Amino acid sequence: MNAFRPFGLILLTLFSFTAPAQQMAGVVSYNRVEYWTKIYSRATYLSREEKDRIQQTFKNDDGETTKMKLLFTPDQSLYTYESEQAQTDDGRYSWRHSDYIIQRNFKDEKKTEIEETLGKTYLIEDSLRAPNWKVMNQIKDIAGHICMKAVTEDTVRNQKITAWFAQDIPVPAGPERYFGLPGLILELDLNDGDVLITATKIDFKDVSKDVVLAKKPKGRKLTDAGYDKLIGDYIKDSIKGHRFPYIRY
Amino acid sequence: MRNFLVVLLLLAASRMAVAQQSPRITVRGTVVDTANAVLPGATVMLLTPKDSALVSFGRTDDKGIFQLKGMRRAPYILKVSYVGYLPLQKDVAPDNGDVTDMGPLQIKPIQKELLEVVVRTAKAPLSIRGDTIEYNANSFKVPPGSTVEELLRKLPGMQVDGDGNIRAQGQEVKKVLVDGKAFFGSDPKLATKNLPAEAISKVQVFNDKSEQSKITGVDDGKKEKAVNLELKESHRKGGFGKVTAGAGPDSRKQMRSMVRGNYNRFSQKEQFSVIGLGNNLNQNGLSWNDYQDFRGSQSFNWQDDGNFGFSNGGVFFFGDGDENSLTVPISNGVTNQGFSKNYAGGGNYNYDTKKTKISSSYFYNRADQNFDTRTDQETFLPNFTYQRQENSRRYVWNNNHRATLRLEQNFDSLNTLIVVANARFNNGNEQFGSNQDFFQDDSVRVSRTGINNQSSSTTFQLASTAIYRHKFRKKGRNFAASLGYNVTNADGSANQQSVNEFYRDTTLAGTLLPPININQDVISSSLRTELKSSLFYTEPISKKVVWETFYNFSIRNDKVDRDYYDRTSDVARVRNDSLSRYYTNDFFYNRVGSSLRYNNKGFNISGGLAALWFNQSGRFAGDQTATRFTTVNRDYFTLVPNASVTYDMKNNRYLYGGYSVDIRQPSTRDLQPVVDNSNPRYIQQGNPTLLPQLTKNVNIGFNSFNPASFTQIYFGASYGWILNQIVYNQLVDPLLVTRTTPVNINGGSTFNTYVGFGFPLKKTKATINFNTYYGYNKNPLYINSELNQTNSNNYNFGVRLDLTPSDKFTFYPNANWSVTDTRYSVNTTQNQRIYNFRYGADMNVKLPFNMYFNGNLNYQIYKNPRFGFNQHLPILNLAVYKLFLKENKGEIRLSAYDVFNKNQGITQQAYQNFVQTSQVQTLARYFTLSFTYNMRGLKSQMRR
């Protein structure tokens, strides 16, 4: 389970400073790249030879990119696919993305997540608990903003997470299920390069209408703890069954 | 006592003092720059000193002041960051008060050049440790082969003069260290001029002497600028290989042996591999694992097909000269009949970068095959029945050289060119000898034919394609063009000898036919060339609709020259004009088609139409010098519609269906008006007027898979009907010579439906799968010019169990029951029901001392009560193996194949008007002891 801390305390101090509204709301476009030969090399039941063979054979096809977007305001954020349809590179063929919407309400400390995974559509409604971040000493430029590095750990999936947050966009939002840093997270590295989510551009504009879910979401209800147990059990079962535990990272 | 009281009082007083200290404090301060101007909007963070965990954060207000309230009373690290400035870290040690005031915190700006060039332009991350700045040399592009000096020239704040003297931030650099150690003495130029830039991962510039001595452990004693270069871990490169060798006796006391090995060397961009094998175990191809190790990143290329458009049945078969494929053969584990010796070897080279990929490979294989066959056949004709018994021996030697070349060039993100060429050179020999005895009605021998044939051939085959793809700026608008050139050149020479003796008069002519001796030479040469081209264009009509158009063109020329010579004596021969043939054929093929595709919310529907037209003009005569040729000239036109629907219902459920028309061109062999009389009792002749076979098919299917519960379910149905079905019309004359020729016939149809589902009995320990299948086939057929309708119904049911209770034992049993009911409209006496039962199991046991046991059983039962067939074929393979050496690099294995010695190569078949049993002498039971060495370590094969 992720370590949690009450979120409200942090938020109080955040609002001691008012920033110009235009820098505090907008849409971030991300490129989500999955390196599945790296992901396969994590499987404990594959031999070194089998992992090498996957690496050697598919090294030219690695790096599958999906476009995502994050709408953010100082109070809320919404993260989902940029469009409902996925498309091949040449635009010839498109297919449906499985449902994936992550909505966060920082003011009320609530979260709503819709995820189609493991054969069902789940609705997770729970209170907001920020991950345990460690802030490091590196800075780099992403999409024109200087960002600082922070790391945390996902104990359910057993992964190391690296996030780069923008120093000049003081919104605690971020892609995937990560948030709670002093700035907007513009790059997320899941498990040491297995999946890389990088912001390509940021559009500052008013998104207060779109950052909330349009209609009441449908799905099997789960709490945060229930979701973690679902994923944890699946990974354990899959590894025991020598079946690759492929779930969305 | 008094002292005690004093102590108590003091204790109480101090207690009270502590009690007055609140458990929560406020940390505050002001952030200023080097000119002491306040900085509003700076981010301030409180971290735990132990592991830098983020506890709280805030921002400075308009006056540059920050306040973090409600913090637990404990020591912290305060971190201040502001865009354009070096982050500041300072320890917070809370005093007794409720507020810990840090005072003014001065932050220094990052050197402008550093920010602009390193961070913004080169996108390299900067690491800041106190006053040390580190940046990643990887993001600086220097030409390959550059030295560190050239790399340093590019770094901001660094100046390198003509002599190689380095100045960092204006100060002279007196020391260049590599991984913290002095490199060849104290002259910095030695490192910078001799190390390649590619080996460097980080460049550290020290501003502070204290940092420098702390990290490098070298006490300089002076304030000097120093540069430390950290080297990269050696590039990902290496090599691996594996070799297996084994031998053992078979049931005839002959030695069976095999050897197989491969070796691979690779680096980031290149892969080089070699492979070799030799065996007399009937295994002629590579396993899929060996194939992937051999071809590496070029194992699967999905975009290399230059035939654009749906329903590509317009593509001609190529290379039906001999049965060898154009690409590296892959054996799927099925052992072939007869006995064969196989040798193969090859090398493969791949060069892969993002822009350019080059690959070339060479593969040689040789197979020596030996077939010793006995056949018993009974044929039912409208007026009589006859039997045939044959004993034959066939030796085949084949040498194949294969070469592949592939180039893929990405000029930019919008333009790609792929050029692929596959070539094969083959030469082979065959020797065939047989004795056939014919009996009619009352098992009295009517005639006999003895055959003795020799042939040799060489074939050269080339298939090459070039594909150019262009993506326009508008997403979804694409263009592709392809050009292909294929050549097959085959030359053969054969000598056909047969003696045909007649003992009974079956022609009712009243006299007995004298023996017919045939001694013929057949010299043949054929040349097929094809030039083809395709164009393809897609245009996005809207966000949900895509429009595709394609055009295929091909022009092909066939030339076949077959000269028959009757041998009159050992040296003289006369040309046989009636059998000789010279034949040329030109195909001119065009196809244009278009389709629309609609995509929305998982619903994908497409519909299209193609128009196909070809012109075939051929002519044939006995010889190229003939004055009169028979010509074949026809135009063929047809419309080919196509529709498909796929529906991605959420949660891993898919529904799909469609309608398609598949066009199968007659094979060149079927079209050629040449006579094949290599078996004088079974003469085959081609038909140049054959039309292509059109199969119209409609299908629907559904599948669903739940990964969490490991359950799956699928079902589907498909119906097809055939126009111009190509069937072989057989005519048996009173001399019991069968002549067969392909003809088109209408009216065949086929239908099948299947259901399958699987679920775990106990998750990860036991899973069960069921599948059922029903299909029927309706086929029209000519039997001695009489039209017959064959109806066959097939019912099939199967079960499979995957039992994996522990890491020490796995068991995979399966069973399949199939019943086929065949009915003939005219020859109702031939109606039959065939039962095919198959039981199989795979078992793996882990034994102590790193030993493993594997058993594999495949038990087939074949019953045809109508003709008294009842075959039981249990094929059992057992193996015991031990892994040893460090990291399990070695394996020693004792195996037994076909323990019950049942692989006797017996097949029994019943067709429309005949029943046949044949037996090929085949490799049956044998044992081997083999040893494997694998550089990367071996793994037990407990799980599938």
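Residues numbered from 1 in each chain as written. Chains lettered and ligands numbered in written order. Predicted model: local features only at pLDDT ≥ 70, side-chain atom pairs only at ≥ 80, totals over all residues. Heavy atoms only, no water.

## A short note on the overall build of chain B
Right, on to step 1. Helix and strand counts for chain B stand at 7 helices and 48 strands.
Right, on to step 2. For chain B, with 944 residues in total, the buried portion stands at 47%.
Right, on to step 3. For chain B, long-range pairs separated by at least 24 residues make up 64% of all intrachain contacts whose partners lie at least 6 apart in sequence.
Right, on to step 4. Surface exposure of chain B reaches about 46100 Å², of which carbon and sulfur atoms provide 55%. (Helix = DSSP H or I, 4+ residues; strand = E, 2+ residues; numbered from the N terminus. Buried < 20%, exposed > 50% of the residue type's maximum accessible area, 1.4 Å probe, protein only. Contact = heavy atoms within 4.5 Å. Areas by Shrake-Rupley, 256 points an atom, 1.4 Å probe, with all protein chains shown as cover.)

## Focus: the nonpolar core
Right, on to step 1. One finds A:Val28 and A:Leu186 to be the most contacted residues of the largest nonpolar core, which totals 58 residues.
Right, on to step 2. The element that contributes the greatest number of residues to this core is strand 11 (residues 159–166) of chain A, accounting for 5 residues.
Right, on to step 3. With near-sequence residues (within four places) excluded, A:Leu186 lies in contact with A:Val28, A:Tyr30, A:Ile142, A:His145, A:Cys147, A:Trp164, A:Phe165, A:Ala166, A:Ile197, A:Thr198, A:Ala199 and A:Ile202.
Right, on to step 4. In terms of nonpolar packing, the next biggest core, distinct from the first, is built from 24 residues, B:Tyr583, B:Phe587, B:Phe614 and B:Leu690 among them. (Core = buried A, V, L, I, M, F, W, Y, C linked by side-chain atoms within 4.5 Å.)

## A short note on the interface of chain B and chain A
Right, on to step 1. Contacts between chain B and chain A engage 92 residues on the former and 68 residues on the latter.
Right, on to step 2. Interface area, chain B with chain A, both sides summed: about 6700 Å², of which 49% is carbon and sulfur.
Right, on to step 3. It is B:Phe57, B:Arg59 and B:Arg936 that lose the most area in chain B upon contact with chain A, and together they represent 12% of the buried surface on that side.
Right, on to step 4. For A:Arg53, the salt bridge identified is with B:Asp293, shortest N-O distance 2.9 Å.
Right, on to step 5. Taken together, the connections running from chain B to chain A amount to 11 residue pairs in polar contact (both at pLDDT 80 or more).
Right, on to step 6. Counting residues per element, the side of chain B that touches chain A draws most heavily on strand 3 (residues 54–59) of chain B, which supplies 6 residues. (Buried area = accessible area lost by both parts, 1.4 Å probe. Salt bridge = Lys/Arg side-chain N within 4 Å of Asp/Glu carboxyl O. Polar contact = N/O pair within 3.5 Å; in protein donor to acceptor, adjacent residues only side chain to side chain.)

## As for helix 4 (residues 224–240) of chain A
Since the α-helix packs 3.6 residues into each turn, any two residues three or four apart lie on the same face.
Right, on to step 1. Helix length check: helix 4 of chain A, at 17 residues, gives a terminal C-alpha distance of 24 Å against a target of 24 Å (1.5 Å per residue), a fit within 8%.
Right, on to step 2. After helix 4 of chain A finishes, the residue A:His242 shows a positive phi value of roughly 50°. (Expected span 1.5 Å × (residues − 1).)

## Some thoughts on the pairing of strand 39 (residues 766–783) of chain B
Two faces make up the sheet, and in a regular strand the side chains alternate between them.
Residues and elements named next belong to chain B.
Right, on to step 1. Sheet topology places strand 38 (residues 748–762) next to strand 39; 13 bridges connect them, and they run antiparallel. Residue Lys762 lies in a different strand from strand 39, and its bridge partner there is Ala766.
Right, on to step 2. Adjacent in sequence and paired antiparallel, strand 38 and strand 39 are bridged by 3 residues, among which Thr764 carries a positive phi angle near 65°.
Right, on to step 3. Of the strand pairs in this sheet, strand 39 and strand 40 (residues 786–806) are connected by 18 bridges, and their pairing is antiparallel. (Pairing = 2+ DSSP bridges.)

## Here we look at unusual backbone geometry
Across residues other than glycine, the phi torsion is negative in most instances, and most of the peptide bonds are trans.
Residue and element names in this part refer to chain A.
Right, on to step 1. A positive phi angle, near 60°, is found at Glu109, a position not held by glycine.
Right, on to step 2. Inspection of the secondary structure puts Glu109 in the loop between strand 6 (100–105) and strand 7 (110–117).
Right, on to step 3. Taking relative accessible area as the criterion, Glu109 reaches 28% and is therefore assigned partly exposed.
Right, on to step 4. Non-glycine residue Glu176 carries a positive phi angle of around 50°.
Right, on to step 5. Checked against the element boundaries, Glu176 lands in the loop between strand 11 and strand 12 (185–190).

That's the geometry; what it means functionally is another story.
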